[in-house]
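Each chain is listed here by its residues.
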Amino acid sequence: MLDARLGSAAKFVRQGAIFADIGTDHAHLPLFLLSEGRIERAVCSDINEGPLCSAEQNAAAAGLSEKIDFHLTDGALSLAGLGITDVAVCGMGGELIADIIDRAPWLRTRGVRLILQPMTRAGELRSYLGAAGFSVMAEDYSEAQGKYYVTVVAEYTGERRTLTETEAYLGREASVTDKNGAYFGYLSSLAVACRRRILGRRAGGRDTERDETILKELEKRLEGRTEYDG
Ligand SMILES: C[S@@+](CC[C@H](N)C(=O)[O-])C[C@H]1O[C@@H](n2cnc3c(N)ncnc32)[C@H](O)[C@@H]1O
């Protein structure tokens, strides 16, 4: 069983995929996908020995070691040429995820699907993806242990886009696959933080225009909530 966060990533892995999990740690995601028969085989990588060992132990305990290649490596560069179709980079900061993608040119291949879960700085990741020619195909929101998470699904198209600050910070509403409770909970928590920032900046005599633009968009999206509540 996966928690809602990794479950949100799992939803986007295609049937029959050759799946890479970068920064795999415990390997929960590939083990779940293999046990469901969703993927053909998996490549698990981690920069640290300890997490990779724990992935190997969990795979052995599940009787799935034969279906997984383990790589002790930084990022995804050395995983080129393995026929990987779907790649997850989950549970890291948005800037580190962007850096891992940027250093692995083979990820800029049409048809290779990236499933990304930034724990922080999702805006930086979205801006990077747009500027580097990746299109966001979907965004999905989840809640686990009282925290909200976003999953960003992207693929290289070569079309470069410069995102507005609001687009980067919130993602495109049209990309959201399921306007569920986690999505609206996430927006509400951003709105609370945004209002606080505006008050703080006003008190300090600082410019609030950026936050006010973001808050306006948040309030517009939150108005849509009633449509989905019933
Ligand atoms: C918080 S864990 C996330 C584990 C799992 N992906 C998840 O979402 O539950 C982050 C993992 O990424 C690994 N990591 C950090 N930087 C990395 C890099 N540059 N390349 C590969 N793995 C990295 C860490 O060693 C750690 O095991």
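Anything mentioned here points back to the structure above.
Residues numbered from 1 in each chain as written. Predicted model: local features only at pLDDT ≥ 70, side-chain atom pairs only at ≥ 80, totals over all residues.

Draft legend 1. The site of the ligand, seen in detail. Looking at the ligand, there are 17 residues lining it, with Gly23, Asp25, Pro51, Cys90 and Gly91 nearest. The biggest single contributor to the shell around the ligand is strand E4 (residues 86-92), with three residues. Looking at the shell around the ligand, its residues break down into eight nonpolar, six polar and three charged. (Near = placed C-beta within 6 Å. Helix = DSSP H or I, 4+ residues; strand = E, 2+ residues; numbered from the N terminus. Nonpolar A, V, L, I, M, F, W, Y, C, P; charged D, E, K, R; others polar.)

Draft legend 2. Broad picture of the pairing of strand E7 (residues 147-156). Direction of pairing for strand E5 (residues 113-118) relative to E7: antiparallel, over a ladder of four bridges. Within E7, the residue paired with leucine 114 across the bridge is alanine 154. Strand direction decides the pairing type here: strand E6 (residues 134-144) and E7, joined by 10 bridges, are antiparallel. Within E7, the position partnered with serine 135 by the bridge is glutamate 155. A loop of two residues connects E6 with E7, the two strands running antiparallel in sequence, and glutamine 145 in this loop sits at a positive phi of about 45°. (Pairing = 2+ DSSP bridges.)

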